[in-house]
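# Structural description and commentary
What follows is the residue order along each chain.
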Amino acid sequence: MKVQEANNFTRIEVLNPQDNSIIGTVPSATKEDLHRIIEGAREGAKTAAKMTVHFRMEVLNKAANYIAENHEKYAIMISREGSKTIREARSEVKRCIQTLKISAEEARRINGETIPFSQSEGNENRVGYYYKVPIGIIAAITPFNDPLNLVAHKVGPAIASGNAIIVKPSSATPLSAILLAEAFENAGLPEKVLSIITGNGNVIGDLLVSHPAIRMVSFTGGLETGEKIAHKVGLKKLSMELGSNSPVIVLKDADLEAAVKASVSGAFYAAGQNCLGVQRVFIEEEVFDTFSDSFVEMTKRYKVGDKMLEATDMGPLINEKEAIRIETWVNEAVSKGAKLLTGGMRDGAFYSPTVLTEVPSNSVIAYEEVFGPVVLLYSIADLDEAIEKSNDVNYGLQAGIFTKDLEKAFAAIHKMDVGGLMINDSSDFRIDSMPFGGVKGSGLGREGVKFAIQEMTEPKVVCFNLK
Ligand SMILES: NC(=O)c1ccc[n+]([C@@H]2O[C@H](COP(=O)([O-])OP(=O)(O)OC[C@H]3O[C@@H](n4cnc5c(N)ncnc54)[C@H](O)[C@@H]3O)[C@@H](O)[C@H]2O)c1
């Protein structure tokens, strides 16, 4: 399970986005390095398929326990190389431990069933069953924003189902993935079942996703990258966890205080660099002013600053380039007539929590994924208008609705084009065992351990002719 030892001497610097200090370096793999890793993974796949279920469970639990024992080391790494505050990083470590423990539990539930052959005339003398087999080698490509738990969401299910896996983490945050590999090494996972390859997606990406030895590509990242990869993979399984610009609907009968609190935290968690982050809030006009005033007041109380301080609520963007992109999008909306209620200030990679209203529909920020700390508030006449506007984008990951009216909640359940709808919670709600994924430009397939395992296995049919 060695982290790749690259043949070349080119290294990628991993920077702390807050001050651009160098935290470490990782190899920038070449295609030759990747060929070597894939050859190793072929052996790893044979080893993985032979691992008994109790051994897989033991390894997953041991890795989870190792992370729990070294909790703070993992949290500090997530926070230093990424953009999460130390408090946010600690909660990601907790979730990663959960993800691995759930993977251990699910390993024992990977089963098949008997097939009633006698339903088909002439087959009364046949008996048989199907069971689930691993698919072989999985390529996992992961983004920067949850650098530990999103990797665990691919590695945990892959090991639980007896597969080998090659992880290519984001070059901005590869060190947390390497620490995850350390936990598995410590837990006794055999060599080459898990490999980590670091490098530029544009250099090694095509080969990784199109290589015939890879039987599944499990990607989490942006829509544009996802589409590029989808064109390259060829005949293999594909799972795509992409972005969104998640809506939350607030009806006039809602508990407004709860709606404001959940929407603010859903919008600014990880400085808005969250695929489930609240981007668009549709508020019934009767309560718009009350909601908006309270939302802006709570936003103004957010403490932005040093990620490592306990008191900090929000850290920087992953780099200055991202902060500049967000600034440009906000300025474009304002130049087209949007009203800036608070925020809109940039300082290096930091961008202040920002609230906009009256955003014209032709502003980029109205329909693209902002992936930053910016929320758009809309006044709407009724639920129908909110649903129509929520659905009128190319994304559909998760959404939220705040109402006490069951009938209206069910109308939203039936009509919203999303992978998950949270009633009286923001779009940002997730636990690691629930099915997770989107429709439209938000993705293909589902994660959430049990569901990832389904994607990573194939049913194999066995049929006995007893005649
Ligand atoms: N749905 C989800 O579960 C989920 C979770 C987190 C993040 N995301 C999405 O991820 C995006 C932010 O992350 P990001 O900026 O790291 O995404 P990104 O698409 O820029 O990069 C994701 C990964 O793809 C790699 N990559 C880039 N070009 C490649 C290529 N040509 N071939 C193969 N790999 C390539 C990158 O190196 C990185 O490891 C947002 O859009 C966010 O919504 C989705």
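Not measured: the values here are computed from a predicted model.

Parameters and conventions
Along each chain, numbering runs from 1 in the same order as the chain's sequence is written. Residue-level local features of this predicted model are given only where pLDDT is at least 70; pairs of side-chain atoms are given and counted only at 80 or more, and the full residue set underlies all totals for whole chains, interfaces and linings. Side-chain numbers here rest on the full set of heavy atoms in the structure, without hydrogens or water. Like charges are joined within 9 Å and nonpolar side chains (Val, Leu, Ile, Met, Phe, Trp, Tyr) within 5 Å, but only among residues with over 30% relative accessible area and no salt bridge; these make up the patches. In short, Shrake-Rupley with a 1.4 Å probe defines the accessible areas, and a residue's cover is counted only from the protein chains shown. Definition used for salt bridges: Asp or Glu carboxyl oxygen within 4 Å of a side-chain nitrogen of Lys or Arg. To qualify as a helix, a DSSP run of H or I must reach at least 4 residues; to qualify as a strand, a run of E must reach at least 2; elements of each kind are numbered from the N terminus. Relative accessibility thresholds used throughout: buried, under 20% of the residue-type maximum; exposed, over 50%; partly exposed, between the two (1.4 Å probe, protein chains only). Think of it this way: one heavy atom of a residue within 4 Å of a molecule or strand is enough to make that residue near it. In protein, a polar contact means a hydrogen-donor-capable atom and an acceptor-capable atom, both N or O and within 3.5 Å, with residues adjacent in sequence counting only if both atoms are side-chain atoms; elsewhere, any N or O pair within 3.5 Å suffices. Residue ranges assigned to each domain were obtained from an automatic or database domain assignment. Contacts between residues were defined by any pair of non-hydrogen atoms, one from each residue, lying within 4.5 Å. Buried area: the accessible area, evaluated with a 1.4 Å probe, that two parts lose upon being put together, summed over both parts. Under the pairing criterion, centres of Phe, Tyr and Trp rings, with the six-membered ring standing for Trp, must be within 6.5 Å; the plane angle then separates stacked pairs below 30 degrees from edge-to-face pairs above 60, leaving the rest tilted. For a lysine, the NZ atom is tested; for an arginine, the CZ atom; a charge sits over a ring if that atom is within 6 Å of the ring centre and within 35 degrees of the ring normal. Lining residues are defined by having an atom within 4 Å of a point belonging to a cavity or pocket. Those points lie on a 1 Å grid over the protein atoms alone, cavities being sets where a 1.4 Å probe fits but cannot get out and pockets being open sets with protein on both sides within 12 Å along at least five of seven lines. Grid points are joined across faces, edges and corners, and a volume is the space filled by probe spheres set on the points. Residue polarity is assigned by list, with Asp, Glu, Lys and Arg as charged and Ala, Val, Leu, Ile, Met, Phe, Trp, Tyr, Cys and Pro as nonpolar; anything else, Gly included, falls into the polar class. At least two DSSP bridges between two strands are required for those strands to pair. Where helices are involved, their axes are fitted lines through C-alpha atoms of the stretch in contact, as for all axes, and angles between N-to-C directions lie from 0 to 180°.

### A closer look at a nonpolar patch on the surface
A grouping of Val-127, Tyr-129, Tyr-131, Phe-464 and Leu-466 is seen on the molecular surface, where their side chains present a nonpolar patch of about 470 Å² in accessible area. Relative to the assigned elements, Tyr-129 resides in strand β4 (residues 126-134). A relative accessible area of 35% means that Tyr-129 is categorised as partly exposed.

### Structural notes on the site of the ligand
Near the ligand, the surroundings consist of 26 residues, among which Thr-142, Gly-222, Thr-225, Leu-242 and Glu-369 are the closest. Phe-144 is positioned with one of its backbone polar atoms (N or O) 3.3 Å from an oxygen atom of the ligand. Within the backbone of Ser-170, a nitrogen or oxygen atom sits 3.5 Å from an oxygen atom of the ligand. Within the complex, the protein chains bury 87% of what would otherwise be the 860 Å² of accessible surface of the ligand. For the shell around the ligand, the elements supplying multiple residues, two or more each, are α7 (201-210), β8 (214-220) and α8 (223-232).

### Quick notes on the domain arrangement of the protein
Once the domains are mapped, the protein shows domain 1 (11-242 + 442-465) and domain 2 (246-432). With 34 residues of domain 1 at the contact, the number on the domain 2 side is 31 residues. Buried area between domain 1 and domain 2, summed over both chains or domains, comes out near 2,600 Å², and the portion from carbon and sulfur atoms is 50%. Where domain 1 touches domain 2, the interface holds 3 salt bridges. The salt bridge involving Asp-313 is made with Arg-87; its shortest N-O contact spans 3.0 Å. Our count for the contact surface shared by domain 1 and domain 2 stands at 22 residue pairs in polar contact (both at pLDDT 80 or more). Elements that contribute at least two residues to the side of domain 1 that touches domain 2 include exactly α3 (71-81), α4 (86-107) and α5 (149-160). Counting residues per element, the side of domain 1 that touches domain 2 draws most heavily on α4, at 9 residues.

### Quick notes on the packing of aromatic side chains
Enumeration according to the criterion identifies 6 aromatic pairs in this entry. Put simply, the rings of Phe-268, Phe-291, Phe-295 and Tyr-302 touch in pairs and so form one group of aromatic residues. Lying over the aromatic face of Trp-329, Arg-325 brings its terminal NZ or CZ to 4.6 Å of the ring centre. Lying over the aromatic face of Phe-436, Arg-430 brings its terminal NZ or CZ to 3.7 Å of the ring centre.

### Looking at the side chain of Thr-142
As for its position among the elements, Thr-142 is in the loop between β5 (137-141) and α5. Looking at Thr-142, the relative accessible area reads 6%, which means it is buried. If sequence neighbours within four positions are ignored, Thr-142 has contacts with Leu-150, Val-151, Lys-154, Val-167, Lys-168, Pro-169, Ser-170 and Thr-220.

### Examining the layout of surface pockets
In this structure, the second largest pocket encloses a volume near 660 Å³. For the second largest pocket, the lining is made up of 31 residues, of which Ser-91, Arg-95, Tyr-269, Asn-274 and Asp-428 are closest to its centre. Counting only elements with at least two residues in the lining of the second largest pocket, the list comes to α4, α5 and α9 (256-268). When grouped by side-chain class, the residues that make up the lining of the second largest pocket number 10 nonpolar, 10 polar and 11 charged.

### Here we look at the pattern of salt bridges
Summed over the entire model, instances satisfying the criterion amount to 26 salt bridges. Across the pair Lys-336 and Glu-332 runs a salt bridge, and its minimum N-O distance is 2.7 Å. On the basis of relative accessible area, Glu-332 is assigned to the partly exposed category, the value being 22%. The partner of Lys-389 in a salt bridge is Glu-385, and the shortest N-O contact between them spans 2.5 Å. Here the residue Lys-389 and the residue Glu-385 both occupy positions in helix α13 (residues 383-391), the gap between them amounting to 4 residues, near one helical turn. With relative accessibility at 36%, the residue Lys-389 sits in the partly exposed group.

### What about the environment of Gly-396?
Assignment of secondary structure puts Gly-396 in the loop between α13 and β17 (398-402). Classification of Gly-396 as buried rests on a relative accessible area of 2%. Spatially, the C-alpha atom of Gly-396 lies 8.0 Å from that of Asn-245, the residues being 151 residues apart in sequence. For Gly-396, the residues in contact, after removing those within four places along its chain, are Ser-244, Asp-417, Val-418, Gly-419, Gly-438, Val-439 and Ser-442.

### Concerning α3
Within α3, the full set of buried residues consists of Tyr-74, Ala-75, Met-77, Ile-78, Ser-79 and Glu-81. Against the buried residues of α3 lie β1 (11-15), β2 (22-27), α2 (53-69), α4 and α6 (174-187).

### Some remarks on the sheet that holds strand β16 (residues 374-380)
Adjacent strands of a sheet pair through backbone hydrogen bonds, lying either parallel or antiparallel. If you trace the 7 strands from one edge of the open sheet to the other, you get β12-β15-β16-β11-β10-β17-β18, paired in mixed fashion. Each edge of the open sheet is held by one strand with a lone partner, namely β12 (339-342) and β18 (420-423). Averaged over all adjacent pairs, the angle separating strand axes in this sheet is 25°, with direction ignored. Pairing of strand β10 (residues 247-250) with strand β11 (residues 280-284) involves 4 bridges; the strand directions are parallel. Directly across from Val-250, in β11, lies its bridge partner Ile-283. Against the sheet, helix α10 (residues 285-300) touches β10, β11, β12, β15 (354-357) and β16, its axis set at about 140° to β11. Across the sheet, helix α14 (residues 406-415) touches β17 and β18, and the angle it forms with β18 is around 165°.

### Comments concerning unusual backbone geometry
Of note, the phi angle at Asn-20 is positive, near 60°, even though the residue is not glycine. One can find Asn-20 in the loop between β1 and β2. Residue classification places Asn-20 among the exposed positions, given a relative accessible area of 53%. In this structure, Ala-270 is a non-glycine residue whose phi angle is positive, near 55°. With respect to the helices and strands, the residue Ala-270 is situated in the loop between α9 and β11.

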